[in-house]
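Examining the three-dimensional arrangement
Listed below are the residues making up each chain.
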Amino acid sequence: MGTVVDAAIKEANGSATEKKPSVVFVLGGPGSGKGTQCANIVEHFGYTHLSAGDLLRAEIKSGSENGTMIQNMIKEGKIVPSEVTIKLLQKAMQENGNEKFLIDGFPRNEENRAAFENVTKIEPKFVLFFDCSEEEMERRLLNRNQGRDDDNIETIRKRFKVFLESSLPVVKYYEAKGKVQKIDAGKPVEEVFEAVKAIFAPEHDKVAAA
Ligand code: UDP
Ligand code: MG
């Protein structure tokens with residue numbers, strides 16, 4: 001092991017010879033608190049947080065050839081083609097090297113979901129779903145002031161519609177497989193994190209005891 005030949009095989013097979021990382025998908029409407037809670041989970045449970053939206057925004061900033069297309073889609077609240085987002089996620093996982101990832105804001109539709117599974121062969125360990133009323137999400141988005149192109153009322157309405165029509169079916173898909181951990185996300189951050197902790201803590205203990 002660890003010979004030049006092994007390295008060459010690894011290189012040729014991509015990640016095929018490496019151990020697949022463990023992935024938790026973090027889903028919920030825009031403004032449901034995914035990013036905020038992911039930061040808390042990272043701090044307590046040793047995961048690496050990958051926000052699909054943040055990776056796409058970084059891709060725009062980097063001046064890549066897809067940048068303008070991505071920017072236009074985000075502005076319209078539309079879902080960027082799967083291959084673009086999946087490539088960014090794969091690259092981020094490989095470069096990071098951790099074995100546990102929170103993938104936040106992805107998959108956003110059935111096509112995203114199926115393509116991710118086909119390309120990476122990774123099945124999520126579970127799906128953390130932040131359930132929040134539109135009224136509360138709208139209030140948060142309009143108050144957060146992060147200078148995002150898509151946090152205006154017109155785009156927010158479009159994002160809500162895409163969430164209901166395209167993203168909720170993904171949650172339903174995993175619900176049918178018994179993989180969804182649903183959190184009441186309409187409460188203050190600390191209270192929501194208490195509920196989140198209860199989901200990750202047993203898993204954490206198991207790993208620590210092993
Ligand atoms: N987006 C996308 N595919 C993804 C994640 C994000 O196309 O897998 C785009 C989409 O246009 C979305 C925007 O990026 O509306 C912002 O996503 P983000 O997850 O940052 O927003 P949030 O839901 O956290 O407010
Ligand atoms: Mg986010």
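Above this note sits the structure.
Here we summarise the structure given alongside this text. Note that the structure is predicted; figures quoted are calculated from it, not measured.

Before going further, it helps to spend a moment on the side chain of T48. Here T48 is to be found in strand β2 (residues 48-51). Among the polar contacts made by the side chain of T48, one reaches the side chain of N98 at a distance of 2.8 Å.

Our next topic: the packing of aromatic side chains. The tally for this structure, following the rule as stated, stands at eight aromatic pairs. On the numbers, 5.6 Å between centres and 65 degrees between planes, the contact of F106 with F116 is edge-to-face. Here the residue F106 occupies a position in the loop between β3 (100-104) and α6 (110-120), and F116 occupies one in helix α6, the gap between them amounting to ten residues. The same class applies to F106 as to F116, namely buried. Here the aromatic residues F25, F106, F116, Y173 and Y174 are joined through ring pairs into a cluster of three or more. Positioned above the aromatic ring of Y173, the side-chain terminus of R113 is 3.6 Å from the ring centre.

Let us look at helix α4 (residues 67-75). For α4, the set of buried residues is G67, I70, M73 and I74. Seen from one end, α4 has its buried residues packed into an arc of 135 degrees, which puts them on one side. As for α4, its buried residues are in contact with α3 (52-61), α5 (82-96) and α8 (153-176). At the C-terminal side of α4, G77 shows a positive phi close to 70 degrees.

On to the pairing of β3, then. Each regular strand carries side chains that alternate between the two faces of the sheet. For β3, the buried fraction is high: five of the five residues fall into the buried class. Because side chains alternate across β3, one face comprises the buried residues K100, L102 and D104, and the other comprises F101 and I103, equally buried. By the bridge criterion, five bridges tie strand β1 (residues 22-28) to β3 in an arrangement that is parallel. Across the sheet, V23 pairs through a bridge with F101, a residue of β3. Where β2 and β3 come together, four bridges link them in parallel fashion. Note that in β3 the partner of H49 across the bridge is L102.

Right, let's talk about the sheet that holds strand β5 (residues 180-184) for a bit. Spatial strand order, β2-β3-β1-β4-β5: five strands in an open sheet with parallel pairing. Each having just a single partner strand, β2 and β5 make up the two edges of the open sheet. Direction aside, neighbouring strands of the sheet carry axes that sit 20 degrees apart on average. Pairing of β1 with strand β4 (residues 126-131) involves five bridges; the strand directions are parallel. Bridge pairing in β4 places F25 opposite V127. Across the sheet, helix α2 (residues 34-45) is in contact with β1, β2, β3 and β4; its angle to β3 comes to roughly 170 degrees.

Turning our eyes to something else, we now look at the pattern of salt bridges. Under the defined criterion, the tally for this structure stands at 19 salt bridges. One salt bridge connects E123 with K177, and the closest N-O pair in it is separated by 3.3 Å. Taken together, the residues E123 in the loop between α6 and β4 and K177 in the loop between α8 and β5 connect sequence positions 54 residues apart. Residue E123 is classed as partly exposed on the basis of its relative accessible area, which comes to 39%. Relative accessible area serves as the criterion here: at 40%, K177 is assigned to the partly exposed category. The residue D184 makes a salt bridge to K187 at a minimum N-O spacing of 3.8 Å. When salt bridges with common partners are traced through the structure, they connect R144, R148, D150, D151 and R159 into a single cluster.

The rules we used
- Residues numbered from 1 in each chain as written.
- Chains lettered and ligands numbered in written order.
- Predicted model: local features only at pLDDT ≥ 70, side-chain atom pairs only at ≥ 80, totals over all residues.
- Heavy atoms only, no water.
- Helix = DSSP H or I, 4+ residues; strand = E, 2+ residues; numbered from the N terminus.
- Polar contact = N/O pair within 3.5 Å; in protein donor to acceptor, adjacent residues only side chain to side chain.
- Phe/Tyr/Trp six-rings, centres within 6.5 Å; stacked < 30°, edge-to-face > 60°.
- Buried < 20%, exposed > 50% of the residue type's maximum accessible area, 1.4 Å probe, protein only.
- Lys NZ or Arg CZ within 6 Å of the ring centre and 35° of its normal.
- Arc of directions from axis to C-beta.
- Contact = heavy atoms within 4.5 Å.
- Pairing = 2+ DSSP bridges.
- Axes fitted to C-alpha atoms, helices over the stretch in contact; angles between N-to-C directions.
- Salt bridge = Lys/Arg side-chain N within 4 Å of Asp/Glu carboxyl O.

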